[in-house]
Amino acid sequence: MTEVLARASGVTRRYGDVVAVDDLSVEIPAGQLLGLLGPNGAGKSTLINMFVGLRKPTSGTVELFGHDPRDVRARRRMGMTPQETGMPETLQAGEVIEFVAAHYPNPISRKELLAQFHLEDVERRQTGGLSGGEKRRLAIALAFVGRPDLVFLDEPTTGLDVEVRRALWDGVKAYNAAGGTAVITSHYLEEIEELAQRVIIIDNGRAVADDSVDALRRISGLRKVTIRALEVPALPGVVGVEQTGDVVSLITADSDQLVRDLVASGAPFADLEVSSGSLEDAFLAYTTKAPTAAPTA
Ligand SMILES: Nc1ncnc2c1ncn2[C@@H]1O[C@H](COP(=O)(O)OP(=O)(O)OP(=O)(O)O)[C@@H](O)[C@H]1O
């Protein structure tokens, strides 16, 4: 049986009146690359912060390597890249690597790490002078310094250009191919498609979908039909509706059929546009706002 490296059981986290994570349970088996997707404020970072011991659950339990996440025995085997990273501005990148490496019993060598993340050029530069993208690459590399069995990467590639993003994907893939386990949050569908084997969609603190990437691909086949209309009749095949004033977007897997049905209904409308459904639209299809069932295979 595959070892479970981390486990959240019935976990809820509140901030005052806000329920950031709501009775969520998840197991992270060894060797898996797990993607966490969800709109802003869904609870992804809060969940990660509980796994890495930065936040305590309000109720429920979180285990990391069979221990409390704050236990040093668990922390030593884990790496993470938070959404925002602060680094001592006057230290050189290579020095920061050494500084972090000193916390682990068997760290990866500075040279190897710099090569793996294509950071050789910045080794002797102070982190305060690095570009946003360079800092981000360094922060991600630091998650791997201690040869972790499990890494948590919270929106690792936000703000990075395509080339750098791909280089990082290669680094994460190589780590996973060598047996490493990772949890990645992202707003980029293609990033999760590229990296993850399993995907959990989080919405309002709850896991609304937990499935393979293939299932996610089917979600990404959704289309958005936007029209200007005062009233829209109920139409078959609509899995989500967004409305702002008289601008209505209908989410569907078959936009051609929906447009035919719309015209056939005789309802007045203007400014028809068809676009690819975004991930947010996929979430809508999975959440309570959907007037019909969530998309099926
Ligand atoms: N320290 C905090 N104090 C108060 N509320 C918080 C705090 N941290 C998070 N929240 C709230 O908890 C909810 C979940 O936030 P969280 O950052 O976990 O979401 P997320 O899915 O990571 O969002 P994003 O994609 O925007 O990073 C949000 O409503 C957020 O405003």
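As the structure is a computational prediction, the values presented were derived from the model and not from experiment. (Residues numbered from 1 in each chain as written. Predicted model: local features only at pLDDT ≥ 70, side-chain atom pairs only at ≥ 80, totals over all residues. Heavy atoms only, no water.)

Draft legend 1. Seen up close, a nonpolar patch on the surface. On the surface, a cluster of nonpolar side chains totalling about 310 Å² of accessible area is made up of Val263, Phe269, Leu272 and Val274. Take Val274: its relative accessible area is 43%, and that puts it in the partly exposed class. (Patch = residues over 30% accessible without salt bridge, like charges linked within 9 Å, V, L, I, M, F, W, Y side chains within 5 Å. Areas by Shrake-Rupley, 256 points an atom, 1.4 Å probe, with all protein chains shown as cover. Salt bridge = Lys/Arg side-chain N within 4 Å of Asp/Glu carboxyl O. Buried < 20%, exposed > 50% of the residue type's maximum accessible area, 1.4 Å probe, protein only.)

Draft legend 2. Local environment of the site of the ligand. In the vicinity of the ligand there are 15 residues, among which Asn40, Gly41, Lys44, Ser45 and Thr46 approach most closely. Separating an oxygen atom of the ligand from a side-chain N or O atom of Ser45 is a distance of 2.8 Å. Ranked by residues supplied to the shell around the ligand, first place goes to helix H1 (residues 44–51) with three residues. Its residues placed into classes, the shell around the ligand shows five nonpolar, seven polar and three charged. (Near = heavy atom within 4 Å. Polar contact = N/O pair within 3.5 Å; in protein donor to acceptor, adjacent residues only side chain to side chain. Helix = DSSP H or I, 4+ residues; strand = E, 2+ residues; numbered from the N terminus. Nonpolar A, V, L, I, M, F, W, Y, C, P; charged D, E, K, R; others polar.)

Draft legend 3. The confidence of the model for the protein, seen in detail. Looking at the protein as a whole, the pLDDT averages 86, with 90% of positions reaching at least 70. Between residues 288–297, whose pLDDT stays under 50, and residues either more than four places distant or in other chains, the model counts 17 contacts. In the model output, the complex is listed with pTM 0.77 alongside ipTM 0.96. (pLDDT = per-residue confidence, 0-100. Contact = heavy atoms within 4.5 Å.)

Draft legend 4. The arrangement of helix H6 (residues 162–177) in detail. With 16 residues, H6 extends 22 Å between its outermost C-alpha atoms, agreeing within 8% with the 22 Å of an ideal straight helix rising 1.5 Å per residue. Inspection of H6 places Val164, Arg165, Ala167, Leu168, Trp169, Gly171, Val172, Tyr175 and Asn176 among the buried residues, and these make up the whole buried set. Looking at the buried residues of H6, the elements they touch are strand S3 (33–37), helix H4 (110–116), helix H5 (132–142), strand S6 (150–154), strand S7 (181–186) and helix H7 (189–195). Its side-chain oxygen placed 3.2 Å from the backbone nitrogen of Glu163, Asp161 serves as the N-cap of H6. Positioned one or two residues after H6, Gly179 has a phi angle of 105°, which is positive. (Expected span 1.5 Å × (residues − 1).)

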